[in-house]
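# Structural features, examined
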Amino acid sequence: KSATFKSGEYIIKQGDAGNVFYIIEEGHAVATKAFDGKEPEEVMSYNAGDFFGELALLKDEPRAANVIAKSDIRVVSLDRYSFKRMLGPLESLLKRNMANYEKYTSS
């Protein structure tokens, strides 16, 4: 499923339920995270071909960060069922990559 977001629009919000995985087709986004109740700070940047939202699906936890469109952006999204069905064989690879995010997701 394809979706578009305007610059400045939140694609996902920290703390929300995570039921969708995203792949950027076109545009630019950033991830921000609030640590210890402080103002959110930028922790990652995403461009065309990058993906996000897998942590909440793999760990069955709320969203660990915000992702905000920094330009008009088009994404492809997969719901939880489609993510598991289509990417199941890659789940171990995605879980291995979770270590790359640990410094950004721990409070």
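For the structure, see preceding data.
The following paragraphs examine the structure supplied in this document. Keep in mind that this is a model prediction, so the values were computed, not measured. Residue numbers here run from 1 along each chain, matching the order of that chain's written sequence. Predicted model: local features are reported for residues with pLDDT of at least 70 only, side-chain atom pairs are reported and counted for 80 or more only, and whole-chain, interface and lining totals are derived from all residues. Side-chain numbers come from the whole structure's heavy atoms, not from hydrogens or water.

### Concerning the sheet that holds strand 4 (residues 28-33)
- Strands sit in the order 2-7-4-5 across an open sheet of four strands; the sheet is antiparallel. Lying at the two open borders of the sheet, with one neighbouring strand each, are strand 2 (10-12) and strand 5 (41-47). Within the sheet, the average angular offset between the axes of one strand and its neighbour, ignoring direction, is 30°.
- Direction of pairing for strand 2 relative to strand 7 (residues 66-69): antiparallel, over a ladder of two bridges. Bridging from a neighbouring strand, Tyr10 pairs with Ile68 of strand 7. Here, a strand pair is defined by DSSP locating no fewer than two bridges between the strands. Numbering of helices and strands runs from the N terminus; a helix is a DSSP stretch of H or I covering at least four residues, while a strand is a stretch of E covering at least two. Note on geometry: axes are lines fitted to C-alpha atoms, helical ones only across the stretch in contact, with angles between N-to-C directions running from 0 to 180 degrees.

### Notes on the packing of aromatic side chains
- Only centres within 6.5 Å qualify two rings of Phe, Tyr or Trp (six-membered ring in Trp) as a pair; their planes then separate them into stacked at under 30 degrees, edge-to-face at over 60, and tilted for everything else. One pass over the structure, following the stated rule, counts four aromatic pairs.
- Geometrically, the ring pair formed by Phe21 and Phe83 is tilted, given 5.0 Å between the ring centres and 50° between the ring planes. Placement of Phe21 in strand 3 (residues 20-26) and of Phe83 in helix 2 (residues 80-87) is noted, with a sequence separation of 62 residues between them.
- Relative to Phe52, the ring of Tyr22 lies with its centre 5.2 Å away and its plane at 20°, an arrangement referred to as stacked. Remark: Phe52 occurs in strand 6 (residues 51-52) and Tyr22 occurs in strand 3; sequence separation between them is 30 residues.
- Working definition: with a 1.4 Å probe on protein chains only, accessible area under 20% of the residue-type maximum means buried, over 50% means exposed, and in between means partly exposed. Tyr22 gets classed as buried once you look at its relative accessible area, which sits at 10%.
- Members of the aromatic cluster, joined through ring pairs, are Phe21, Phe51 and Phe83.

Read these as spatial facts, not as claims about activity.
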